[in-house]
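Listed here are the chains, written in short residue letters.
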Amino acid sequence: MENSFRLLIVEDDKNEIVNYKDNLELFNEDNKKDGFIIEADFNTTLQDGINAIKNNKYDGAIVDLKLNQDNIEAAEGNVIIKSIVGNLRMPAIVVSGFMGDLDPELKNETSLLRFYERGSIEIVEIFNVLKKIYNTGITKILGEDGLIIKELTKIFWERISTNLEYWISESDNTTKIEKIVSRYIINHLKEGFETDENGEFEVYHSSEFYIVPPIKQNYFTGDIVEKVGINYIILMPPCDMATNGKVQNIVLGKIEDINFSQIKDAKKKLEKDNSDDKAKFKILSLLNNTYSLNYHFLPQTNAFSGGFIDFRKIKSVKVKELKVEYKRVGTISSEFIKDIISRFSQYYSRQGQPNLDINAIYKKILL
């Protein structure tokens, strides 16, 4: 089954258009085996480009900055790029020989907004960049025909439609009805994505562990903060953090490096003997949070380097000190922070008891 990628190309130079078409033909021929084909719409003017965006659904765009040969000073491509960035859910690529004319508001390059000086990269490589983005599923999931929109439509007809009268009655009682209904819908959306088509719980990916950058404006439970290259996690009860100004001191737990001493020791043993089951079991136990109650594993992703929380290494800092001296890196998502706080509480609520003479008791049982 072919994946057809709809691409908007806004370029006024006839030679460049021919160049795009030739490379597109080669690209599609090479990618037939993958079932991936790019279908391109070409527009040469600012107005045509704007109209194309308004009247069509695209998976990506390539835009030149200079689109008016009669007014070479104008960089009209900026208008098209700005109509995409922050408004549409598709990647945009600027290819121009006049990158100095890029609008200052667009200077921050990202994975979905890329800038290439004309001639610095092969056109086929630009197509490959778009293919890689498309293959992540990001644009398909968030697009108008994507999985999230389909699930929202399902919620609309199967959930909301059956109890809309309740929300109508509540609309007179609160000015925040839209936010309340939004949270209600999000909860349904989240529940729907936690299980597969057979009703089995999905296995989460490491990237779902973090939210980077944090969404909440104020520091909160599960926030990862950094000072002088050392990472910490906020281990305060959420009820304390929910009320701004309620607490003056914040409890931080140190996050050890992903290759801290316990992992290093086990890896050294495996380097000497890769069949050392004890060393393998130690690493797996650390990753599964079953090795010791004082350690909790944080996976490594492109957003955060990961590591191990050591509940024994905690400290209290003033709120003012936290805001001034610590950098907010990200936060741990709600699905995972609950278990961390629970294990932290469990670690410090241990009571223990004096040791019994187990050997003597054992002998009596055998009598």
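No experiment lies behind these values; they were computed from the predicted model shown.

K.L.:
An account of the overall build of the chain is requested, with residue identities and associated values reported.
P.N.:
Across its full length, the chain carries 13 helices and twelve strands. The C-alpha radius of gyration computed for the chain amounts to 28 Å, which surpasses the reference 21 Å derived for 367 residues by more than 25%, pointing to a less compact arrangement than a globule. Taking the principal axes of the C-alpha coordinates as reference, the chain spans close to 100 × 70 × 50 Å. In the chain, 63% of the contacts between residues at least 6 apart in sequence involve partners at least 24 apart. When the accessible area of the chain is evaluated, it comes to approximately 23,200 Å², of which 51% is carbon and sulfur surface. Here the chain contributes 48 positively and 56 negatively charged side chains, and the mean placements of these two sets differ by 11 Å.

K.L.:
I'd like a description of the environment of phenylalanine 115, backed by residues and values.
P.N.:
Here phenylalanine 115 shows up in strand β5 (residues 113–117). Residue class for phenylalanine 115 comes out buried when judged on its relative accessible area of 15%. With 13 residues separating them along the chain, phenylalanine 115 and leucine 102 place their C-alpha atoms 9.3 Å apart. Those residues in contact with phenylalanine 115 that lie beyond four places of it in its chain are Val94, Met99, Leu102, Leu106, Lys107, Asn108 and Glu109.

K.L.:
Pulling in residues and values, what's your account of the sheet that holds strand β9 (residues 249–256)?
P.N.:
By definition, the strands of a sheet pair up through backbone hydrogen bonds, in either a parallel or an antiparallel sense. Across the sheet, seven strands lie side by side as β6-β12-β7-β8-β9-β11-β10; this open sheet has antiparallel pairing. Here the strands that pair on one side only, and so sit at the sheet edges, are β6 (210–211) and β10 (295–298). Two strands pair when backbone bridges link them, and β6 and strand β12 (residues 327–332) are joined in this way by two bridges, in the antiparallel orientation. Across the sheet, tyrosine 210 pairs through a bridge with isoleucine 332, a residue of β12.

K.L.:
I'd like a rundown of the packing of aromatic side chains, residues and numbers included.
P.N.:
Applying the stated criterion across every chain yields a total of 18 aromatic pairs. Geometrically, the ring pair formed by phenylalanine 260 and tyrosine 295 is edge-to-face, given 5.2 Å between the ring centres and 70° between the ring planes. In this pair, phenylalanine 260 is assigned in the loop between β9 and α9 (261–272) and tyrosine 295 in strand β10, connecting sequence segments 35 residues apart. When sorted by exposure, phenylalanine 260 lands in the same class as tyrosine 295, which is buried. Ring plane angle 70° and centroid distance 5.3 Å describe the contact between phenylalanine 344 and tyrosine 348, whose orientation is recorded as edge-to-face. A residue pair is termed a helical-turn pair when its members lie 3 or 4 positions apart in one helix, as phenylalanine 344 and tyrosine 348 do in helix α12 (residues 334–348) at four residues. A relative accessible area of 12% places phenylalanine 344 in the buried class.

K.L.:
Give me the sheet that holds β5: which residues, what numbers.
P.N.:
Taken in spatial order, the five strands of this open sheet run β2-β1-β3-β4-β5, and their pairing is parallel. Looking at which strands have only one partner, the edges of the open sheet turn out to be β2 (36–43) and β5. Across the sheet, the mean angle from the axis of one strand to that of its neighbour is 20°, orientation sign disregarded. As paired elements, strand β1 (residues 3–10) and β2 share eight bridges and run parallel to each other. Across the sheet, residue asparagine 3 finds its bridge partner in β2, namely phenylalanine 36. Each of β1 and β2 touches helix α2 (residues 46–55); the most contacted strand, β1, lies at about 155° to it. Across the sheet, helix α3 (residues 77–84) is in contact with β1, β3 (60–63), β4 (92–96) and β5; its angle to β3 comes to roughly 160°.

K.L.:
Now, about the nonpolar core: what can you tell me, with residues and values included?
P.N.:
Within the largest apolar cluster, 22 residues are counted, with the highest numbers of intra-cluster contacts made by Leu8, Ile80, Ile81, Ile84, Val94 and Leu102. Broken down by secondary-structure element, the contributors of at least two residues to this core are β1, α2, β3, α3, β4 and β5. Sequence-distant contacts of leucine 8, defined by excluding residues within four places in its chain, comprise Asp41, Asn43, Gly49, Ala52, Ile53, Tyr58, Gly60, Ala61 and Ile62. Ranked by size, the runner-up nonpolar core spans 19 residues in total, among them Ile38, Ile93, Tyr116 and Ile123.

K.L.:
Any details on the pattern of salt bridges? Residues and values, ideally.
P.N.:
Enumeration over the complete set of coordinates arrives at 15 salt bridges. A salt bridge links glutamate 16 to arginine 118, with the nearest nitrogen and oxygen atoms 3.3 Å apart. Pair noted here: glutamate 16 is in helix α1 (residues 14–30) and arginine 118 is in the loop between β5 and α4 (123–135), with a separation of 102 residues, a long-range link. For the salt bridge of aspartate 64 with arginine 118, the shortest nitrogen-to-oxygen distance reads 3.3 Å. With a gap of 54 residues between them, aspartate 64 in the loop between β3 and α3 and arginine 118 in the loop between β5 and α4 connect regions that are remote in the sequence. Each of the salt bridges in this network shares a partner with another, and the network as a whole consists of Glu11, Glu16, Asp64 and Arg118.

Scoring rules and cut-offs
Residues numbered from 1 in each chain as written. Predicted model: local features only at pLDDT ≥ 70, side-chain atom pairs only at ≥ 80, totals over all residues. Heavy atoms only, no water. Helix = DSSP H or I, 4+ residues; strand = E, 2+ residues; numbered from the N terminus. Rg over C-alpha atoms; globule rule 2.2 N^0.38 Å. Contact = heavy atoms within 4.5 Å. Areas by Shrake-Rupley, 256 points an atom, 1.4 Å probe, with all protein chains shown as cover. Lys, Arg positive; Asp, Glu negative; His and termini not counted. Charge placed at Lys NZ, Arg CZ, Asp CG, Glu CD. Buried < 20%, exposed > 50% of the residue type's maximum accessible area, 1.4 Å probe, protein only. Pairing = 2+ DSSP bridges. Phe/Tyr/Trp six-rings, centres within 6.5 Å; stacked < 30°, edge-to-face > 60°. Axes fitted to C-alpha atoms, helices over the stretch in contact; angles between N-to-C directions. Core = buried A, V, L, I, M, F, W, Y, C linked by side-chain atoms within 4.5 Å. Salt bridge = Lys/Arg side-chain N within 4 Å of Asp/Glu carboxyl O.

Without other data, these values stay purely geometric and don't point to any function.
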